[in-house]
Every structure is written in structure tokens, then in C-alpha cells.
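Here are the chains, one letter per residue:
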Amino acid sequence: MSEAAPLIVLAGNPNAGKSALFNALTGARQKIANYPGVTVERKSGHFQMPDGRPAELVDLPGSYSLEPTSPDEAVTRSVILGEQQGERKPDAIIIVLDAANLDNHLRFALEVIALGRPVVIALNMMDLAERDGLTLDPAKLEAALGVPVVPTVAVRRRGLEDLSAAIETRLSKKTDQQDVVVSKERDHGLRKQAKKIANLTVVSETAGRRWSERADAMFLHPIAGPIILLAIMFVMFQAVFAWSEAPIGWIEGASEWAAAAVEASLPEGFLRDFIIEGAIGGVGSVVVFLPQILILFLFILLLEASGYMTRAAFIMDRLMASVGLSGRSFIPLLSSFACAIPGIMATRSIADPKDRLTTILVAPLMTCAARLPVYAIIIGAFIPARDVGPGVGLQGLVLFGLYIFGIVGAMVVALVLRSTVAKGPNSGFLMEMPKYQMPRIRDILLGLWQRGWIFLRRAGTIIFAATVILWLMLTYPKVPLDSPVSQVDYSAAGRIANVIEPVVAPIGFNRDIALALIPAMAAREVAVAALATTYAIDAPDEEAEAKSLTERLQSRWSLPTALAFLAWFVFAPQCISTIAVTRRETNGWKWPMFMLGYLFALAYVAAGITYWSAVALGL
Amino acid sequence: MNAPVTLAVTLDRLSMRQRAEISTIDWDSMSENEGARLRALGLDEGVEVEKLHKGMFGFNDPIALKVGRMMIAVRKSHASAISVVIPA
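As the structure is a prediction and not an experimental result, all values here were calculated from the model.

Q: Could you give me a rundown of the overall build of chain A, with the residues and numbers involved?
A: Each helix and strand in chain A was counted, giving 28 helices and 12 strands. Taken along the three principal axes of its C-alpha coordinates, chain A extends 95 × 55 × 45 Å.

Below you can see the structure in the form of C-alpha cells.
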């Protein structure tokens, strides 16, 4: 047991550069899991100490205090105290401090040091403090705190050797643990002490407003701020279409080339049909949306890394408050535009349980990236690509409208939930807004690569499997040669769809849509693949088969049907993974079942209203 | 001689870019958790703050405060529980 690698934990305020230090110490090799029983992430990795021994490093959730105000902070506290289930008692604690923000960050450090546990301080972001005109004396800080202080610049890998040497020395010393006594008076004393020590450490300070504050004068302006936020979101959604055209063309070209190559090299029969219609046709029609998904994620990652996301939360807080939520819900909801799963997981930072539940329940209404393929194909087929203004395309405008539709829907649902099933006092909004930062290209690319990979893996597994099963069910049983019935109607899947059709017929859905909705439960994008596969099989001859999915949709769907289909996808809970993550985050089946029920009901009504209105308008 | 004249207001009524010192916080008007979070973010009696920004036009809520070297967003409902004195 004594031979086990020592456990070192990283603790500190949010925005102290903890994760950057974690990445610098462990490299890219890290393991992400959950603490048992709670929905708090455990990020761990290994690093080598100067004597060559390995040490396990755990990055604890950012905390302002040992007195927990959220599940994240509760985990940080119990790990540091050695009381966390599923975690050893740490052998040493690295407290990461933002050198430019000592009087605020020292409070937490003093709290931890008072416990008498082995502590090493990483005085991080020294370069930024210097740029802000601060001159610090780490030796004075060390003397005042009575624990080792190592200046670091995690993003430039500076001070890392000194830090691990300090940890090694610290590990060999014995310490006694003290109890924590929490009170208002203690908080008060801690703050005064932090201020005193910060004043001691800061040798000199040149005044002058920082550029971050000047930027906020614009971004947080009561009038310009919301306009800029709206403009950023608008540009983001326009870019999703405008920038993706060329790369989509390349992917389409590649899949046509692959289909042709298979056709040329394989004899006619089951295998050839399977590969061309099932695999290449199905998966290819989904992979084509990779460029659009990457563009969307690029914007979200940039907004997050630059620090703008918290400003967006600030601007949106008042509006969110009017539906019983807070600006804190804005970040999880904005992440849900990429995917509801990370969005729902990001609700962990919301302290109020009712607030959190409401945010989880409305997160699927935010238009996730998986809906993009569905929207894109329908918009591409039915909405003319003309400009309604300089630089404003009608297609982009409709897409923007669908996003707004989802947002408004979420707001209304949140308001209803907050006055019914998630009733409770209006929670507060207290949040730090960190300084703006230039996003680091490497981090953005890494984030994009991870997201892109997740999408491709989905395409290769869930979407591939769903497409293949659907293809088999559409192909068998084979229709007899002299039968007047079409292959799709005769097939197993077609028969199921014909049963569902009467249920969805009132809202304008035809059999093909009924057919696409079933496999789309696995992942929304499959709807597109399913339509592609259905029409490939249904093609009466070679010439018809060569027509694109867009052309086939245009010839088979009316405009009201297409619009109803779009409205359906704004609300429909068509993704098993979202339901699964909701079950995990709410610890039971009650809320995911509730979510499933209310979303289907809303989808049906929204599609119905859209269809009937469109028909009435003569579209 | 007279003591320096100070002006006492609640934080939500403080004018923009005005520096002030927190004199009292009405801890009873908020939950234990909210109070702890306020203190954790550095808002406590005796702290100097500066009002930097306010929310969307027409609402002026929430407000952004400079506390030490951090910028903190606070809702008006909390700000009205915080009394400040403006040094003369």
C-alpha cells in the first residue's frame, strides 16, 4: 500500500488557471470519470516527480470557499478533507492562485492552509500579473502563509520543475489536520487576512484601466451589449451555412466517388446494394454535416475561451429571471446548441436544485447540432436560396428563425415549469466575470478535434447501425415481381410505418416521415440517413436513383409537410442519449419520462399548427 | 471639527463608476447559502467596491461590481441588501 503513487490534488478558485496547470503537468493523457453517487467530474492524470516516482494528479472543481454552495464545491471540500467516497485522502494539495487576483484568491488558500494539510501554492499567471503592472514578491507571500510558494506560468510551462520539487519535499513532512469551523465572523477574518497578505505581496502597482475593462464598456453596454450579442449569434448561424458550402461539396464528391468505385468492383447483389445504399448512402448523408457542426462548435469554443460567455450570461440574466431562471442557465443552454448532453452536464454549476431541474428539462429545446442535418436538408430543398437583404440569405434567416422558435419554446416551458413542478423561490445570480483572454489556437483545435471525433464516431456506430438495420428492414421481405405494391410498402419497416402513419397523418406527415422517425430516436441525424435510404430503395429505375435526396424530397413532399417536419424537430425528444443523461443527472426515471412526454406532446401540436396554418395560407 | 461627511446608500442605487465601501449587509434578507456565496466572492462588510456596468437597457439589472481585481455580477435584489458609504 505504501508503494501506491501519492495522490496530489489541484484546488483553487475558478479562473485561476487550474486546468491549464493540470494539462501542463500531465500532458494530454488524462482520465475523465464521475465521482460515485454525484454528478461531479473527476479529472485525473499522472506526472513524474523529480526522483522519478509517478504521482497521481486530480483536478478538483473550482471553488471559492470550503463552505460549499454547489455540488462541485461540496466534492472539492470532501476530497480535501479526505471524506470523499471513492477517493483516497490526498497526500498533498496544490492551491492555484491567480497572481493578479490575490486578495480574492487568497481567501480560499487561507481556508485550506488552516486545515493543516500539506499544501504547496502555485502562484500562477505571473506573466499576466506583470502585464497588468503588478510586481509581486513570492518570498513575502511564502513567509506570510508559512507554506511553499512557487511562481508559475502554466500555459508557457514555466515553474513546473520547481513546483514538483516543492511537492516532493512537502510529501516527506508530517502534518496534523485541524477542524473547519464555519461562521460569518470566520469569513470576515479570512477576507481581512487575505487582503493584508495580498498588500504585503504586491510590491508595486501601476494604475491604469486595463483593456479588458475598456472592452466591457462596449460589450456590457446596456444598449450596445444586447445588440452585439444578437449580432454574434446571427453571424454564427449565417456562417454555419455560408462557410460550409465548399467542404460539403468535397465530402459529397468523395462519397459519390466511393459509391462508383464499389459499383465498378463488386458484382451486382446483396453486398453491393448493402454497401452503396446502406453504408455509403446512409452514413455519407450524415457525415456531410460535419463542416456545419465544426463551424458551430468553433464559435461556441471561441466564445467560451475568450471569456465572452459570462458576459452573455450577464446580459441575458434579466430576461432569464423573467421566466424564473438566471443567467447561470444561459451557459448550459447555449452549450445545448451544440449538443444537449454537455449542456445538461454543465447545469451542475447551478446551485439551486429547482433552477437546475428546469434548465435540464428545457435544454433539449435548444437546437442541437444533430438537428442541423435535418434542418439543412429540408431548408435546402424547400426554401429558395435568395437574398432578402444585403448579406442576409433567406435560408439562413429561416434557420435563425428555427433557433429562435426553440428558444422561445424553452422560455415558455421554463415559465410553466417554474410555477408548477419546479416551483420555488427565485434564485440569485452571483457570478465572477473573468478578464477577457485571447483564445489559444491549440486549445480550440483540440476542442474541435474532440467534438468532430465524437460526431464521426456516432456516425460510425449508432448512426451506421441504425441505418443498416433500417436498410435491412426496408429491403426484406422482397416484394414479389408481379406485385403492384412498392418495395417499401411491402417491407417490414414499411408495414410498421403504415401503422404509425394514421397517427401522424393529421399533422401532415406521410409514410416516409413515419418511417424516418423511428430510427431517428437513436440519433436525430438518422432521419436524414433514413430518408436517403428509403428513397434509394424505392427508386423505380437507375435514373431515379441518381437523383439527389433534395430532388426526391421536392417531388414527394408538399411545402406544408416540410414546414411541419421542421416544427416537429424543434421540439421532438429524438435522442436516446439525452434521455439517458437526464436520467443520470436527475437520479431517476421520473424526470426523463416527464421530458419525453411533454416534448412529444409539444412536437405534435407544433407540427400540427404549422401544417394547418400553411395549408390554410395556401402554401 | 466635524467628521468627514459620508453618504449612505444601498448598492443598487449607487451611481456608475462610483467607488464606495460596504458598511453593512442585511444577511437576514438572504439564505445562508446566498450569504456564504456573497462572502466567497469577496463581498463583505468593509470591502471597497466600484459599480462598473448595469444590465440590459430598461432593466438596469443585474449590476457588475469591481471587487478587488475581480468583476462580480450581482442582481439588484442582492444589491439592495448591501449598504455602502461613499467616502467624502
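Q: Report on the packing of helix α18 (residues 394-419) of chain A against helix α26 (residues 559-571) of chain A, specifying residues and quantitative values.
A: How two helices pack is summed up by the angle between their axes together with the distance between the axes. All names here are of chain A. At their nearest, the axes of α18 and α26 sit 9 Å apart, and the two run at 45° to each other. As judged from the angle between their axes, α18 and α26 are oblique. The chirality of how α18 crosses α26 is right-handed. In this structure, α18 uses L402, F405, G406 and G409 to contact α26, whose residues at the interface are L566, V570 and F571. Looking at the contact of α18 with α26 residue by residue, the classes come out as 5 nonpolar, 2 polar and no charged.

Q: Give me the lowdown on the sheet that holds strand β4 (residues 54-59) of chain A, citing residues and values where you can.
A: Residues and elements named next belong to chain A. Ordered by their spatial adjacency, 7 strands build an open sheet running β2-β3-β4-β1-β5-β6-β8, and the pairing between neighbours is mixed. If you trace the sheet from one side to the other, it starts and ends with β2 (30-34) and β8 (149-151), each paired once. Across the sheet, the axes of successive neighbouring strands diverge by a mean angle of 25°, strand direction being ignored. Note: strand β1 (residues 7-12) against β4, 4 bridges, orientation parallel. Residue pairing in the sheet places L10 in a bridge with D59 of β4. Where helix α6 (residues 160-171) meets the sheet, it contacts β1, β3 (41-48), β5 (92-98), β6 (119-124) and β8, and its direction lies at approximately 165° from that of β6.

Q: Explain unusual backbone geometry residue by residue, including any values.
A: A cis amide bond links Y476 of chain A with the next residue in sequence, P477 of chain A, at an omega value of -10°. Topologically, P477 of chain A is positioned in the loop between α19 (441-475) and α20 (487-490). D61 of chain B connects to P62 of chain B through a cis peptide bond whose omega is -5°. Mapped onto the elements, P62 of chain B comes out in the loop between β3 (48-54) and β4 (63-67). The phi dihedral of R157 of chain A is positive, around 60°, even though this residue is not glycine. For R157 of chain A, the location among the structural elements is in the loop between β8 and α6.

Cut-offs used in this document
Residues numbered from 1 in each chain as written. Chains lettered and ligands numbered in written order. Predicted model: local features only at pLDDT ≥ 70, side-chain atom pairs only at ≥ 80, totals over all residues. Helix = DSSP H or I, 4+ residues; strand = E, 2+ residues; numbered from the N terminus. Axes fitted to C-alpha atoms, helices over the stretch in contact; angles between N-to-C directions. Parallel < 35°, antiparallel > 145°, perpendicular 65-115°, else oblique. Left-handed = near helix turned anticlockwise from the far one by under 90°. Contact = placed C-beta atoms within 7 Å. Nonpolar A, V, L, I, M, F, W, Y, C, P; charged D, E, K, R; others polar. Pairing = 2+ DSSP bridges.

Shape is all these values report; function is a separate question.
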